[in-house]
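# Architecture and fold: a report
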Amino acid sequence: MSLVGRTALVTGGGGPLGRAFALALADAGARVVLVGRNEQALAQAAAKVGEAARTAVCDVSDPASVRALADRLAGEDVSLLVNNAGGAGPVRPLVDIEPDEWDDVFAANVRGVYLMCRAFLPPMLAAGRGDIVNVASVSGKRPLLNRTPYTASKMALIGLTRTLAGEVGPHGVAVNSLSPGPVRGPRMDRNFRLTAELTGRTVEEAERDFVSRAALGRLVEEDEVARALVAMLAMPGLCGADIDLSAGMIAPA
C-alpha cells in the first residue's frame, strides 16, 4: 500500500492538523492537494510541505464550490481523500444554541464530507481503488457536555463512514474514520477558554479537568494523529473501521 505517486486531497488543509496530515503524506511519497477556504493559510501550509504540495480554494459545504474543485482536478488521479475540514461549534448548553449555529456545524462536519465523497468517489470506483479517511472525533463516542452539535455531527460522521464503507468496499475503495481525542492546538485552547467562561473556572482548571479523563493524562499531538493516518493507509484490510487515537480518553464519571 505504498503512497508513492498517489495524489491525496486534504480538506481543512490550511489548519494545523491539515498541515500535519500533508507533511506526513508527502513524507510517505504522496502528492498532496491542500483544500480550504483561506488562500493565505493554504499557501503557508503548502510552503511548509514543499514541492509535493499544491493548493485549491474550496468551501466543502457548498455544492458549486466542490463541483468546481472536481472539475479543476478532473485530469488528476485522486485516489486518496482525507476529509479533515470541520468546525468546533458553540460551547453552550443545547437550549442556548441557535438553529443557525447547529446547521453551521453540520454543514462543515457532515455535509462537507458527503459532498466531497460524492464528487471524488466516481473516479475511484471506476478505477477500482481508493481510500477515504474521515476525521471524526472521540467526542462522537462519549459525552462532551455543552458541545451537543459537535458531538452529534461526529457521531453522524462515524455512521456515514461505516455505511459508505459497505457501499463502496466491494468496488475496491476503503472508507475509514480516524477519531482523535483532544489535539493540542488553537482549537482546544479556544474550547478551554470558553469552558472556563461558562463554568467560572480558570482556563488551567478547565484543561486539567479535561485531560484528567484520558488514561495517559495528556492531549494528543498533531504529528501523532498524522502518523496514525499513514499507519491506517498501510493496513490494506482496514475498511469500515474507526480508529481511536485519544490518549485513552474515557467518558466522565
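First, a word on scope: everything that follows refers to the structure included in this document. Since we're looking at a predicted model, the values are computed, not measured. (Residues numbered from 1 in each chain as written. Predicted model: local features only at pLDDT ≥ 70, side-chain atom pairs only at ≥ 80, totals over all residues. Heavy atoms only, no water.)

### Regarding the overall build of the protein
- When helices and strands are counted, the protein shows eight helices and seven strands.
- At 18 Å, the protein has a C-alpha radius of gyration in line with the 18 Å of a compact globule built from 253 residues.
- Seen along its three principal axes, the alpha-carbon backbone of the protein occupies a region of about 55 × 35 × 35 Å.
- Per-residue burial for the protein yields a buried fraction of 48% across its 253 residues.
- Contacts in the protein between residues far apart in sequence, at least 24 positions, make up 71% of those at least 6 positions apart.
- Accessible surface for the protein amounts to roughly 11500 Å². Of this, 54% is attributable to carbon and sulfur atoms. (Helix = DSSP H or I, 4+ residues; strand = E, 2+ residues; numbered from the N terminus. Rg over C-alpha atoms; globule rule 2.2 N^0.38 Å. Buried < 20%, exposed > 50% of the residue type's maximum accessible area, 1.4 Å probe, protein only. Contact = heavy atoms within 4.5 Å. Areas by Shrake-Rupley, 256 points an atom, 1.4 Å probe, with all protein chains shown as cover.)

### Things to note about the nonpolar core
- Among the nonpolar cores identified, the biggest contains 43 residues, and Phe21, Leu25, Leu34, Val82, Leu178 and Leu229 are the most heavily contacted of them.
- The element contributing the most residues to this core is helix H1 (residues 16-27), with seven residues.
- Aside from chain neighbours lying at most four places away, what touches Phe21 is Val10, Val82, Asn84, Val135, Leu178, Val225, Ala226 and Leu229.
- Counting 29 residues, the second-largest nonpolar core is a separate cluster that includes Leu69, Leu73, Leu115 and Phe120. (Core = buried A, V, L, I, M, F, W, Y, C linked by side-chain atoms within 4.5 Å.)

### Re the sheet that holds strand S7 (residues 242-245)
- Strand order across the open sheet formed by seven strands is S3-S2-S1-S4-S5-S6-S7, with parallel pairing between neighbours. Looking along the sheet, the strands with just one partner apiece sit at the ends: strand S3 (53-57) and S7. Strand-to-strand twist of the sheet, defined as the mean angle between neighbouring strand axes without regard to direction, takes the value 20°.
- Where strand S1 (residues 7-11) meets strand S2 (residues 31-36), five bridges bridge the pair, whose relative direction is parallel. Bridge assignment links Thr7 to a residue of S2, and that residue is Arg31.
- Packed on one face of the sheet, H1 meets S1, S2, strand S4 (78-83), strand S5 (130-135) and strand S6 (173-180) and runs near 170° to S2.
- The sheet contacts of helix H2 (residues 39-49) involve S2 and S3, and relative to S3 the element is tilted by about 170°. (Pairing = 2+ DSSP bridges. Axes fitted to C-alpha atoms, helices over the stretch in contact; angles between N-to-C directions.)

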